[in-house]
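Residue-level structure breakdown
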Protein chains: 2
Amino acid sequence: MPLYDATVTQLDKMLANLDSWIEEALAHAEARGFDPSCYATYRLAPDQYTFTRQVQAACDAAKFVAARSAGKDAPKHEDGDATVEELRARIALVREFLATFTPADFEGADDRVVALPFLPGKGMKAEAYVLQMALPNFYFHLVHAYAILRHAGVKLGKMPFIGGLDLVEL
Amino acid sequence: MPLYDATVTQLDKMLANLDSWIEEALAHAEARGFDPSCYATYRLAPDQYTFTRQVQAACDAAKFVAARSAGKDAPKHEDGDATVEELRARIALVREFLATFTPADFEGADDRVVALPFLPGKGMKAEAYVLQMALPNFYFHLVHAYAILRHAGVKLGKMPFIGGLDLVEL
């Protein structure tokens, strides 16, 4: 599987899906007459990230997996409090960054070693980094963001999670 | 990225991780003095799967992604109610099934088209199926199972989620 497809193409689609869940959450808040800023600090356990931090972490995971496996620098985005609009703007910024990559950026990634900031002196081969660390970490935060919205009563389902598929006729 | 690594190797590791979270959940129940069968029907939203169904769905996703992308048949496992011990036995069965695959089973998978049972007449190329459908679906149920345990007070963290990594020295 080409690393470009596994990272840039797929993560961009999932970030677009995430944005659509937030749109649904805004409609839910309006229909029920509550302030959508309530979502920001919602969480599933007191020692887990809030919705805001889950979205920020999913955005970071997406930009870092593309940047690190292609050997580029990722732009810095500040964490901390954020309105729902600011979260959507961050998703858009990361999608713009992903759009700057081409399949050619991943040529030679087979031999690239990615440094792990949380394990000084250690790294992983790019392919192992994507499969074992980056994709599971991305989905960890993405699914938590989804689950927090579902827990808050937003009506979503498997199709808005998965999104569009490249189908062929049998 | 070899499809074998992306499916069999990675999903087997994540199922082993899932089993370790259940072990942690059993210890939590014992320490707090409640019946661990309480986990079975726990869920994050009334219209989401219970913990039992999330684990069963993650197991199914893992066996189907390997079987379908290698062009093999997957064993059938009955759903419905299950004790925590039965869920652990199912995880072990799927891991045994995954252990029957070798990288050679995935030769020629580039040209294989996988039929989608929920979309009659439609299929996907094996690589697109793995990236766009099977891995996101697996992580969807796996992370929900994890999040339900966290919501129930089980102490887990990012490291038990990610599991072991193939590290290299920088």
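Residues numbered from 1 in each chain as written. Chains lettered and ligands numbered in written order. Predicted model: local features only at pLDDT ≥ 70, side-chain atom pairs only at ≥ 80, totals over all residues. Heavy atoms only, no water.

1. Focus on the overall build of chain A
In terms of regular secondary structure, chain A is built from five helices and three strands. Mapped from its N terminus to its C terminus, chain A presents α and β elements in the order α-α-α-β-β-α-α-β. For 170 residues, the compact-globule estimate of 2.2 N^0.38 gives 15 Å, and the C-alpha radius of gyration of chain A, at 17 Å, lies within 12% of that figure. By its C-alpha atoms, chain A is 55 × 50 × 25 Å across when sized along the principal axes. Looking at chain A residue by residue over its 170 residues, the buried ones come to 52%. Positive and negative side-chain charges in chain A, numbering 17 and 23 respectively, have mean positions lying 5 Å apart. (Helix = DSSP H or I, 4+ residues; strand = E, 2+ residues; numbered from the N terminus. Rg over C-alpha atoms; globule rule 2.2 N^0.38 Å. Buried < 20%, exposed > 50% of the residue type's maximum accessible area, 1.4 Å probe, protein only. Lys, Arg positive; Asp, Glu negative; His and termini not counted. Charge placed at Lys NZ, Arg CZ, Asp CG, Glu CD.)

2. Digging into helix H2 (residues 51-70) of chain A
Residues spaced three or four apart along an α-helix point in a common direction, a consequence of the helix completing one turn every 3.6 residues. All names here are of chain A. For H2, with 20 residues, the first-to-last C-alpha span of 29 Å sits near the 28 Å given by 1.5 Å per residue. Across the 20 residues that make up H2, a large majority, 17, are buried. Positive phi appears at Gly-71, one or two residues downstream of H2, with a value of about 75°. (Expected span 1.5 Å × (residues − 1).)

3. Brief notes about the pattern of salt bridges
Residue and element names in this part refer to chain A. Using the criterion set out here, one finds 20 salt bridges over all chains in the structure. With a closest N to O distance of 2.9 Å, Asp-19 and Arg-88 form a salt bridge. Remark: Arg-88 occurs in helix H3 (residues 84-98) and Asp-19 occurs in helix H1 (residues 3-32); sequence separation between them is 69 residues. Given a relative accessible area of 24%, Arg-88 falls into the partly exposed group. Linking Lys-63 and Asp-60 is a salt bridge whose minimum nitrogen-to-oxygen distance equals 3.2 Å. Note that Lys-63 and Asp-60 are positioned in helix H2 at a spacing of three residues, about one turn of the helix. (Salt bridge = Lys/Arg side-chain N within 4 Å of Asp/Glu carboxyl O.)

4. Side note on the confidence of the model for chain A
A residue-level look at chain A finds 100% of positions with pLDDT of 70 or above and a mean pLDDT of 95. Model confidence for the complex: the whole-complex pTM is 0.97, and ipTM, which rates the interface, is 0.96. (pLDDT = per-residue confidence, 0-100.)

5. Here's the deal with the interface of chain B and chain A
Each partner contributes to the interface: chain B provides 46 residues, whereas chain A provides 45 residues. Overall, the association of chain B and chain A removes approximately 4600 Å² of surface from exposure, summing both partners, and the carbon and sulfur fraction of that is 65%. Linking chain B with chain A are four salt bridges. Here Lys-122 of chain B ties to Glu-169 of chain A by a salt bridge, and the two come within 2.6 Å at their closest N and O atoms. Joining chain B to chain A, the criterion identifies 19 residue pairs in polar contact (both at pLDDT 80 or more). (Contact = heavy atoms within 4.5 Å. Buried area = accessible area lost by both parts, 1.4 Å probe. Polar contact = N/O pair within 3.5 Å; in protein donor to acceptor, adjacent residues only side chain to side chain.)

6. With respect to the relation of the copies chain B and chain A
Aligned on chain A, chain B shows an RMSD of 0.0 Å; the corresponding rotation is 180° and the shift along the axis is 0.0 Å. In symmetry terms, the pair is related by a two-fold rotation axis. For chain B, the smallest separation between a C-alpha atom and the rotation axis is recorded for Met-1 of chain B, amounting to 2.3 Å. (Least-squares fit on C-alpha atoms with pLDDT ≥ 70 in both.)

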